[in-house]
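What follows is the residue order along each chain.
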Amino acid sequence: MSTGDLLVDCQDAARTFGSGPAAVVAVHGATCQVRAGDRITVTGPSGSGKSTLLHLLAALETPTAGTVDRRGVGAGGTGVVFQGPSLIPALDVAENTALPLVLAGVPEDGARRRALDALTLVGAADLAGKLPEEISGGQSQRVAVARVLAQRPRLVLADEPTGQLDHTTGQRVIDVLIAAADEIGAALVVTTHDPAVAERFGERWEMHEGRLRPRHGPSAGARGTAHTEETS
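As the structure is a prediction and not an experimental result, all values here were calculated from the model.

Procedures and definitions
- Residues numbered from 1 in each chain as written.
- Predicted model: local features only at pLDDT ≥ 70, side-chain atom pairs only at ≥ 80, totals over all residues.
- Heavy atoms only, no water.
- Helix = DSSP H or I, 4+ residues; strand = E, 2+ residues; numbered from the N terminus.
- Buried < 20%, exposed > 50% of the residue type's maximum accessible area, 1.4 Å probe, protein only.
- Contact = heavy atoms within 4.5 Å.
- Areas by Shrake-Rupley, 256 points an atom, 1.4 Å probe, with all protein chains shown as cover.
- Pairing = 2+ DSSP bridges.
- Disulfide = S-S within 2.5 Å.
- Expected span 1.5 Å × (residues − 1).
- pLDDT = per-residue confidence, 0-100.

1. Description of the overall build of the protein chain
Point 1. Along its length, the protein chain carries 6 helices and 10 strands.
Point 2. Across the 232 residues in the protein chain, those meeting the buried criterion constitute 48%.
Point 3. The contacts in the protein chain between residues at least 6 apart in sequence include a share of 68% that link residues at least 24 apart.
Point 4. When the accessible surface of the protein chain is summed, it comes to about 10,700 Å², and 49% of that surface belongs to carbon and sulfur atoms.

2. Re the pairing of strand β1 (residues 6-17)
Consecutive side chains of a regular strand alternate in pointing toward one face of the sheet and then the other.
Point 1. With 8 bridges joining them, β1 and strand β2 (residues 24-35) adopt antiparallel strand pairing. Each bridged residue has a counterpart across the sheet, and for F17 the counterpart in β2 is V24.
Point 2. Hairpin connection from β1 to β2: 6 residues lie between these consecutive antiparallel strands, with G18 at a positive phi of about 80°.
Point 3. Across 4 bridges, β1 lies against strand β4 (residues 65-69) in antiparallel orientation. Counterpart to A14 in the pairing with β4 is A65.

3. Quick word on the sheet that holds strand β3 (residues 39-43)
Point 1. The 6 strands lie next to each other as β5-β6-β7-β3-β8-β9, forming an open sheet whose pairing is mixed. Two strands close off the open sheet at either side, each with one partner strand: β5 (78-81) and β9 (211-212).
Point 2. Both β5 and strand β6 (residues 155-159) contribute to a ladder of 4 bridges, which runs parallel. Of the residues in β6, the one forming a bridge with V80 is L157.

4. Looking at unusual backbone geometry
Point 1. Its identity as a non-glycine residue notwithstanding, E160 has a phi of 45°, on the positive side.
Point 2. Structurally, E160 is set in the loop between β6 and α5 (167-184).

5. Description of the state of the cysteines
Point 1. As enumerated under the stated definition, the model contains 0 disulfides in all.
Point 2. With no disulfide of its own, C10 lies 3.9 Å from the sulfur of C32, the closest cysteine sulfur.
Point 3. You can call C10 buried: its relative accessible area is 1%.
Point 4. You can call C32 buried: its relative accessible area is 1%.

6. Things to note about helix α4 (residues 137-149)
Point 1. If you check α4, its first and last C-alpha atoms are 19 Å apart, about what 13 residues at 1.5 Å a residue would give, namely 18 Å.
Point 2. When you tally the buried positions in α4, you get 10 out of 13 residues, the bulk of the element.
Point 3. By the burial criterion, the buried members of α4 are G138, S140, Q141, V143, A144, V145, A146, R147, V148 and L149.

7. Describing the pairing of strand β8 (residues 203-208)
Point 1. With 4 bridges connecting them, β3 and β8 associate as parallel partners. Directly across from T41, in β8, lies its bridge partner R204.
Point 2. As paired strands, β8 and β9 are joined by 2 bridges and run antiparallel to one another. Among the inter-strand pairings, H208 is bridged to a residue of β9, identified as R211.

8. Description of the confidence of the model for the protein chain
Point 1. Scored by pLDDT, the protein chain has a mean of 86; 89% of the residues are at 70 or more.
Point 2. Counting contacts from residues 219-232, a segment whose pLDDT is below 50, to residues more than four positions away or on other chains yields 52 contacts.

This is the structure:
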């Protein structure tokens with residue numbers, strides 16, 4: 001069982017889109033916790049609610065029932081790696097990586113230094129001057145990871161980061177995510193439909209038709225746990 005500080009606490013959190021007969025319940029009441037040092041995957045088929053659950057953890061969605069307490073994360077303490085292309089075409093890799101820092105008020109020189117440090121951390125420093133159209137899909141995901149790491153969050157959330165990559169490239173991106181989270185001391189939660197990815201993490205949550213199923217314990221050599229309960 002993880003003994004790290006509590007970062008996010010969900011209690012019967014649910015998310016419904018629309019209203020009336022057309023309403024769709026993406027997540028039924030989910031109770032779960034993420035603690036410092038956790039390494040968690042959220043698995044399930046497309047449409048099972050795993051991305052919506054991740055968005056609730058990230059405060060990108062507001063629960064329509066229940067609560068999501070993120071006081072342990074603090075302001076600006078969460079970084080999200082989205083599925084698919086997320087880089088701005090007109091900016092080079094270093095500028096893309098530094099952009100969230102600049103928007104947060106970090107001086108440009110300091111933002112660039114932190115961006116280059118993060119790119120080095122994910123093995124992409126040599127890409128700093130390239131435009132997004134000049135790099136591969138796997139390299140783009142590395143840059144997306146670096147952009148999050150440059151913000152030094154306490155919690156990293158990645159939504160299907162390998163979904164559009166081949167197996168080998170996807171495993172390398174997971175290598176980078178885990179190593180980088182270790183380096184900055186961040187908790188890591190990743191949604192995936194790939195069993196090979198799920199096996200890399202200490203805790204697996206399963207989503208089925210919007211319901212969070214009981215946890216599966218850590219696999220051999222994995223670290224970190226989380227705590228879930230099935231709700232009806």
